[in-house]
Amino acid sequence: MSAANEKLMDDVYAAWRAHDVEGVVRHFTEDCVYEDMAMGVVNRGRDGLRHFAREVLATMPDFKVVYEQRFATETEGAGEWVITATWNGPFEGVDCTGKKIRFTGLSIYRFRDGLISYAKDCWDYTVMMKAFGVLRPDLKDLR
């Protein structure tokens, strides 16, 4: 286990909770890759990550994320997290402003030189679709 990398993961999430975009970005390498699998988005470099973080916080202005559990080695880590927020704007063509959401996911990380060089978020898109009431009727039984 790596206490330093677990602290790095904790510090990143503290920056997300504080809505501190620059605080998030400074914990990543210049050439980082940040992938959101559910949204099909890959952000490259600190500028890409900065843009992604600003979009997340604009869409979910009261965004909060906490680890349920996490671990890290010298080179890799993973965490299970919970996000809660109020949505701001459209989702799947429907104005979902003001709707509360809660969803869980997993992230994997790679570390280099005391920073995060790679992060991949994995979560279930259908959970959000159900919460917003935009899931097609023929898909309502998806779990």
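Here the structure is a predicted model, which is why all the values come from computation and not from measurement.

Engineer: Just to check I follow, could you spell out the nonpolar core for this structure?
Structural biologist: Formed by 40 residues in total, the largest nonpolar core has its most connected members in Trp16 and Phe28. It is helix H1 (residues 3-17) that contributes the most residues to this core, 6 residues altogether. Not counting chain neighbours up to four residues away, the residues in contact with Phe28 comprise Val12, Tyr34, Arg46, Leu49, Leu115, Ile116 and Ala119.

Engineer: Help me understand the environment of Glu22 in this model?
Structural biologist: Position of Glu22 among the secondary structure elements: in helix H2 (residues 21-25). Remark: the alpha-carbon pair of Glu22 and Arg46, spanning 24 residues in sequence, is separated by 9.4 Å.

Engineer: What is the right way to look at the side chain of Asp36 in this model?
Structural biologist: Counting through the fold element by element, Asp36 comes out in strand S1 (residues 28-36). Of the buried charged residues, Asp36 lacks a salt bridge, with Lys120 as the closest side chain of opposite charge at 11 Å. From its side chain, Asp36 meets the backbone nitrogen of Ala38 in a polar contact 3.3 Å long.

Engineer: I keep staring at the pattern of salt bridges and nothing clicks. Help me out?
Structural biologist: Pairing is possible between side chains of opposite charge, provided their charged atoms come close. Inspection of the entire model under this criterion finds 10 salt bridges. With a closest N to O distance of 3.2 Å, Glu6 and Arg70 form a salt bridge. You can see Glu6 sitting in helix H1 and its partner Arg70 sitting in strand S3 (residues 64-72), a full 64 residues away along the chain. A salt bridge links Glu22 to Arg54; its shortest N-O distance comes to 3.8 Å. Here Arg54 lies in helix H3 (residues 45-59) and Glu22 lies in helix H2, a separation of 32 residues in the sequence.

Engineer: What am I meant to see in H3 here?
Structural biologist: Along an α-helix, a turn takes 3.6 residues, which lines up residues three or four apart on a common side. End to end, H3 covers 21 Å across 15 residues, agreeing with the expected 21 Å (1.5 Å per residue, within 8%). Of all the residues in H3, the buried ones are Gly45, Gly48, Leu49, Arg50, Phe52, Ala53, Val56 and Leu57. In this fold, the buried residues of H3 make contact with H1, H2, S1 and strand S2 (41-44).

Engineer: What exactly am I supposed to notice about the sheet that holds S2 here?
Structural biologist: Here we have 6 strands laid out as an open sheet, ordered S2-S1-S8-S7-S4-S3, and mixed in their pairing. Each edge of the open sheet is held by one strand with a lone partner, namely S2 and S3. Sheet twist, expressed as the mean angle between neighbouring strand axes with direction ignored, is 15°. Alignment of S3 against strand S4 (residues 76-86), held across 8 bridges, turns out to be antiparallel. Opposite Phe71, over in S4, you have Ala78 as the bridge partner. Against the sheet, H1 makes contact with S1, S3, S4, strand S7 (100-112) and strand S8 (115-123), and its axis sits at roughly 175° relative to S3, the strand it touches most. Helix H4 (residues 125-132) rests against S7 and S8 of the sheet, and its axis sits at about 160° to S7.

Cut-off values and rules
- Residues numbered from 1 in each chain as written.
- Predicted model: local features only at pLDDT ≥ 70, side-chain atom pairs only at ≥ 80, totals over all residues.
- Heavy atoms only, no water.
- Core = buried A, V, L, I, M, F, W, Y, C linked by side-chain atoms within 4.5 Å.
- Buried < 20%, exposed > 50% of the residue type's maximum accessible area, 1.4 Å probe, protein only.
- Helix = DSSP H or I, 4+ residues; strand = E, 2+ residues; numbered from the N terminus.
- Contact = heavy atoms within 4.5 Å.
- Lys, Arg positive; Asp, Glu negative; His and termini not counted.
- Salt bridge = Lys/Arg side-chain N within 4 Å of Asp/Glu carboxyl O.
- Polar contact = N/O pair within 3.5 Å; in protein donor to acceptor, adjacent residues only side chain to side chain.
- Expected span 1.5 Å × (residues − 1).
- Pairing = 2+ DSSP bridges.
- Axes fitted to C-alpha atoms, helices over the stretch in contact; angles between N-to-C directions.

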